[in-house]
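# Residue-level structural notes
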Amino acid sequence: MRNSFPSIPLVDLRAQYLSIKAEVDEAIASVLHSGRFIGGEEVKTFASEFSTYHQTKYTIPCANGTDAIEIALQSLGIGPGDEVILPALTFVATLEAVCNTGASPVICDIDPGRYTLDAQLAITLVTDRTKAFLPVHLYGLMADLDPLIHYAADHHMFLIEDAAQAHGATYKGRKAGSIGDINTFSFYPGKNLGAYGDAGAMTTSSEWLFEKATKLADHGRTTKYDHEIIGRNSRMDALQAAILKVKLDHLDEWTTKRQEVAARYRGLLHGVTGIHLPEEYPDSEHVYHLFVVRVHASIRGEFINYLHQKGIETGIHYPIALSRLKVTTVQLGIDIECPQAEKASREVVSLPIYPELTHEDQDYICDTIKAFFNA
């Protein structure tokens, strides 16, 4: 029996660092000794290895995941007068990126099982201004892409995967970031593959998109002082690339551990009335960036507070659907109802999940959850 409450974080980046400390410290020291902090071999090597891992020809590193989406859209020529369809349940960056290109976001409700873009509904929202589908692979599970792939091909539209939460996930045997015309990743520290600061990337198998996105991310240039187009400064620094290269070697091992933690949650919480566990699909490998359960909206606050009092940190991803954010309803003047996303936003709770989570801590989390519902 525990004599006092533990402190269990939602994610433990310190524990992850300690598990690979020697490798990371060596990689950082190598960059420091090289004196090359922007670009260079570390960035090129990481990009090459990331492409191989994600089954795509090219990776374009950049400064962060939001930039990645903006640059991907710009690379496709999407801008003012165009529409992009995206899901109602995601971080605001997906919406921001569309708006920052001058295009109009079209917010679509979600599949309540996957929490991702409802593909069939998205197709009904297409107009003669629609240029792209922008599905977000959420919580570690890829969206149902086949309907979007076929429709986009038949109607001369683009498909952009926002894979910021799906490093290593698969859909029908294909890796996240390998299916769309150009696809985006974030390496925010808490991601399954996270940097020690901001970093992002795009993937594509199109040579012309690779070349254009590369220019856009680096001042529109082909050589140091030869600038062909208006670009921006969105480069991944060598320190982040070196750290990510070390971590990429461990990603499969960490994914397996996350899946084991998820399986234990399923076993320990099976049959607990009042809590809905995440769904899995035979066509998709879930990499569990987050382990998201649902409880009734009327008790969610009480549930979270109870766990907090017992030393268990939780999260809500995301407490307000895009369709109900002030930026959407007030600034953009978009009036749309997305009942599935809005219901999910009132019910979802993210439980601690990371490769270093011990069985003892996980047992304690589940015993605490059972105690709450059996009280």
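Presented here is an overview of the structure given in this document.

Here we come to the sheet that holds strand 8 (residues 183–186). Across the sheet, which stays open at both edges, the three strands sit in the order 1-9-8 with antiparallel pairing between neighbours. Of all the strands in the sheet, just strand 1 (58–62) and strand 8 have a single pairing partner and so form its edges. Pairwise comparison of adjacent strand axes, ignoring direction, gives a mean angle of 25° for this sheet. With five bridges connecting them, strand 1 and strand 9 (residues 200–204) associate as antiparallel partners. Across the sheet, Thr59 pairs through a bridge with Thr203, a residue of strand 9. Against the sheet, helix 3 (residues 41–53) makes contact with strand 1, strand 8 and strand 9, and its axis sits at roughly 135° relative to strand 1, the strand it touches most.

A word on the state of the cysteines. For the coordinates displayed, the defined rule picks out zero disulfides. We note that Cys62 lacks a disulfide partner, and the nearest cysteine sulfur, in Cys99, lies 19 Å from it. Exposure remark for Cys62: the relative accessible area of 0% places this residue in the buried category. Of all cysteine sulfurs, the one in Cys108 lies closest to Cys338, which takes part in no disulfide; the gap is 6.8 Å.

One way to put it is that helix 4 (residues 65–75) packs onto helix 8 (residues 207–217) with a least axis distance of 9 Å and a crossing angle of 125°. By the criterion of interaxial angle, the relationship of helix 4 to helix 8 is oblique. For the pair helix 4 and helix 8, the crossing hand works out as right-handed. Contacts between helix 4 and helix 8 pair Ile71, Gln74 and Ser75 from the former with Trp208, Leu209, Lys212, Ala213, Leu216 and Ala217 from the latter. Here the residues of the contact of helix 4 with helix 8 sort into six nonpolar, two polar and one charged.

So, about the nonpolar core. Counting 42 residues, the largest nonpolar core has Val84, Leu89, Tyr115, Tyr139, Ile160, Ile182 and Met202 as its most contacted members. Every element with two or more residues in this core is listed here: strand 1, helix 4, strand 2 (83–87), helix 5 (93–100), helix 8 and helix 13 (339–347). Here this core takes five residues from helix 4, the largest share from any one element. Setting aside anything within four residues of it in sequence, one finds Ile160 in contact with Ala72, Leu73, Leu76, Ala132, Phe133, Leu134, Pro135, Ile182, Asn183 and Thr184.

This part takes up the sheet that holds strand 7 (residues 174–175). If you trace the three strands from one edge of the open sheet to the other, you get 7-6-12, paired in antiparallel fashion. Either end of the sheet is taken by a strand with one partner, and the two such strands are strand 7 and strand 12 (284–285). Sheet topology note: the strand 6 (residues 170–171)/strand 12 ladder contains two bridges and is antiparallel. Paired with Tyr171 across the two strands is Ser284, which belongs to strand 12.

Turning our eyes to something else, we now look at the pattern of salt bridges. The full count for this structure, using the stated rule, is 18 salt bridges. For the salt bridge of Lys21 with Asp25, the shortest nitrogen-to-oxygen distance reads 2.8 Å. Taken together, the residues Lys21 and Asp25, both in helix 2 (residues 21–34) and four residues apart, mark about one turn of the helix. For Asp25, a relative accessible area of 27% puts it in the partly exposed group. For Lys44, the salt bridge goes to Glu41, with nearest N and O atoms at 4.0 Å. Placement of the pair is Lys44 and Glu41 together in helix 3, with a separation of three residues, close to one helical turn. Using a relative accessible area of 55% as the deciding quantity, one classes Glu41 as exposed.

Calculation notes
- Residues numbered from 1 in each chain as written.
- Predicted model: local features only at pLDDT ≥ 70, side-chain atom pairs only at ≥ 80, totals over all residues.
- Heavy atoms only, no water.
- Pairing = 2+ DSSP bridges.
- Helix = DSSP H or I, 4+ residues; strand = E, 2+ residues; numbered from the N terminus.
- Axes fitted to C-alpha atoms, helices over the stretch in contact; angles between N-to-C directions.
- Contact = heavy atoms within 4.5 Å.
- Disulfide = S-S within 2.5 Å.
- Buried < 20%, exposed > 50% of the residue type's maximum accessible area, 1.4 Å probe, protein only.
- Parallel < 35°, antiparallel > 145°, perpendicular 65-115°, else oblique.
- Left-handed = near helix turned anticlockwise from the far one by under 90°.
- Nonpolar A, V, L, I, M, F, W, Y, C, P; charged D, E, K, R; others polar.
- Core = buried A, V, L, I, M, F, W, Y, C linked by side-chain atoms within 4.5 Å.
- Salt bridge = Lys/Arg side-chain N within 4 Å of Asp/Glu carboxyl O.

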